[in-house]
Every structure is written in C-alpha cells, then in structure tokens.
Amino acid sequence: MHFVVCIKQVPNTTKVRIDPETNTLVRAGVESIVNPFDENALEMALVLKEQNPGSKVTAVCMGPPQAADALKECVARGVDDVILLCDRAVAGSDTWATSYAIAQAVKSLPEPADLLLFGKQAIDGDTAQVGPGVAEHLGLPCITFVRAAKIAEPGRIALERVWEDGWEEIVSPLPAAVTVLKEANVPRLPSLRGKMAAKKLQIPLTTAEAIHADPAKIGLKASPTRVVRIFSPPQKTGGEKWTGLSGEEAGTKLAAALQDRKII
Ligand SMILES: Cc1cc2nc3c(=O)[nH]c(=O)nc-3n(C[C@H](O)[C@H](O)[C@H](O)COP(=O)(O)OP(=O)(O)OC[C@H]3O[C@@H](n4cnc5c(N)ncnc54)[C@H](O)[C@@H]3O)c2cc1C
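Residues numbered from 1 in each chain as written. Predicted model: local features only at pLDDT ≥ 70, side-chain atom pairs only at ≥ 80, totals over all residues.

J.: Describe unusual backbone geometry, and please don't skip the residues or the numbers.
T.: Note that the residue after L174, namely P175, is joined by a cis bond; omega there is 0°. Inspection of the secondary structure assignment puts P175 in the loop between β11 (166-173) and β12 (176-180). With phi around 60°, K262 is a residue other than glycine that occupies positive phi space. For K262, the location among the structural elements is in the segment after α6 (247-260). Judged by the 6 C-beta atoms lying within 10 Å of it, K262 is exposed. (Helix = DSSP H or I, 4+ residues; strand = E, 2+ residues; numbered from the N terminus. Buried ≥ 20, exposed ≤ 12 C-beta atoms within 10 Å, placed from the backbone.)

If you want it as structure tokens, here you go:
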C-alpha cells in the first residue's frame, strides 16, 4: 500500500513575536520546524506501513528550498520517498491554490496513493482547509479529526473520528484522505541510521510544470481569497466584578446578565 503524508514546514510559533507596528509575524531568525500535527500524520503512516508489509510512505511538501530540511526530518524517521514542490509559480497561493498544487503533486507520483494523510491544521495558517481541499481536487472521501486508523480489509480503512463530546467509528473505501489529531499517537524520534541517511540526501526540487499544474490555478493571481488585514485581538479586560453579594444575590445577578446577553 502507498501512504502519502503532506508535510508543511512552519515557523516555530512558540518563538514568533508580533511586530507591534505592522501587526505581522516577525519571522526573521525564527527556526522552522515540521508542523507538529504533521508529525502525528507521519507517525500514523509509518505505523500503517509496519502493519501492512510491502507498503511505502511518501512525504509531499510545497515550500521554499529550505523546506528540504522538513523532508529530511521525515526521511530520518522512516519515510521512503519525498517530493518537494518548490517553484515561484506557486508563491502566494491561498489554501485553494495550495490544495490544487498539492493534489497535482500527489497525482504525479509514480504509484497512486491509497491513503493521504494530513495534520489537523498548520500552526501558522491554522485554516485546516488544505487536507479537505486536496481531497476535493482528487475526488476522494475525506475524514477529518482522526485519532486511530487501521486497514480493516483490503480496500477499506477503519477510523476513529473525534467530535467535541464523543467519537465515531467510520469505515471508508480507499483511496481516501484523513486529517490527524495530536492525540492519535506519540511521534517517534529519528533513528541514528535514519539521521545518517537523511544527512547525505539531496532533495530534488519539483516544478509546477513537472506536476502538470495549470498556471491559471496556482500562485497569488489564481487565489480567490486575499488577506485584507491582520490584527491582534483586543486584550480581554476581565469583565465585571461583583463583590459583597450573598450567594442568592450573585446567582440572580448572574442569571440576569446571562439572559441579557442571550446566553441562556
Ligand atoms: C486568504 C488567504 C490568503 C493567503 N495568501 C497568501 C499569500 O499571499 N502568500 C503566502 O505565502 N501564503 C498565503 N496564504 C497562506 C497559504 O495559503 C497557506 O499557508 C497554505 O495554503 C496552507 O494553509 P494553512 O497554513 O492554513 O494549512 P492547513 O490547511 O491548516 O494545513 C492542514 C494540513 O495540510 C497540509 N499542508 C498545508 N500546507 C502544506 C504545504 N505547503 N505542503 C504540504 N502540506 C501542506 C499539512 O498536512 C497540514 O497539517 C494565504 C492564506 C489564506 C487563508
């Protein structure tokens, strides 16, 4: 079986500052990492490979040349093959154009994908749109918020999909796409042998032309959405404080306030 994991390289946002003048992220000098949710998607793919002998895992990434480091990290953890779509033609793509480009990259793989795996969301863009978007471009069923996956029988995958207050079991035909939650697993660390293999690796860059991406569907011009403004939300003030009330008075006042705001 062929498991294809989509990996985004993101700035380590725990170390990112917001420029107070421009309200944009200060990325200079910030280290780049594999999107943390993608580590869980990768771990799920590697476990599925181990459970299904003869399988392979490919990691797909769209990004600048330095995103090769993210793919090397994947190789160090056990990925068999990688593809880095790196082309100025895709720069400025919004999530729709990104999804199209990644779908084309997946289509261009020498072996068709049985399962596409994505992180739940990227920690910088945070939209959680790319997984479902790629699935839509490829006409695949997409199961989001997955915490467990097992090949149930040939051509079908059994999944656990989590909701806010519960979870459900889903069996989907393959090929399919899933987006993976943090709680799915604990990602493995790279092995020493993997690290050595990754160090030597030269990751070739793939162009938009090579994956037969339609130039009218990629990049800034082809992106139907625009970021009009980025701003930090106003700091919360802590609300009203009531003191010196009995329990009954406080309860009555609270109920009235909640009713006023149409919360109850
Ligand atoms: C309205 C809008 C306008 C934008 N304009 C620009 C712009 O002008 N210039 C610009 O550079 N960016 C722009 N972006 C950001 C860019 O579209 C996103 O970084 C990109 O589409 C990924 O979206 P996301 O970060 O929300 O990922 P999510 O949808 O949250 O990611 C979900 C999963 O998809 C996969 N994935 C996401 N991105 C990649 C990737 N690149 N390679 C491989 N797998 C991936 C990963 O598995 C990830 O866990 C824009 C975004 C929006 C919403």
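Here the narrative resumes.
J.: Before we move on, could you go through the sheet that holds β12 and cite the residues and values that matter?
T.: If you walk across this open sheet you meet the nine strands as β11-β10-β9-β12-β8-β1-β6-β7-β13, and the pairing is mixed. The open sheet has two edge strands, β11 and β13 (205-206), and neither has a second partner. Both strand β9 (residues 142-153) and strand β10 (residues 156-163) contribute to a ladder of six bridges, which runs antiparallel. Residue V146 lies in a different strand from β10, and its bridge partner there is R161. Across the face of the sheet, helix α2 (residues 68-77) comes into contact with β6 (56-62) and β7 (81-85) while running at roughly 170° to β7. Sitting on the sheet, helix α4 (residues 130-138) touches β1 (2-6), β8 (115-119), β9 and β12, and the angle it makes with β9 is about 60°. (Pairing = 2+ DSSP bridges. Contact = placed C-beta atoms within 7 Å. Axes fitted to C-alpha atoms, helices over the stretch in contact; angles between N-to-C directions.)

J.: Which residues make up the pairing of β8, and what values do they have?
T.: Of all five residues in β8, five are buried; the element is thus mostly enclosed. Along β8, one buried face is formed by L115, L117 and G119 and the opposite face, lined by L116 and F118, is buried too. Of the strand pairs in this sheet, β8 and β12 are connected by five bridges, and their pairing is parallel. Within β12, the residue paired with L115 across the bridge is A176.

J.: Give a detailed account of α6, specifying residues and quantitative values.
T.: Taking 1.5 Å of rise per residue, the 14 residues of α6 would be expected to cover 20 Å, and the 20 Å separating its terminal C-alpha atoms lies within 8% of that figure. Counting buried positions over the 14 residues of α6 gives zero, only a small fraction of the element. Phi turns positive, to about 60°, at K262, one or two residues after α6. (Expected span 1.5 Å × (residues − 1).)

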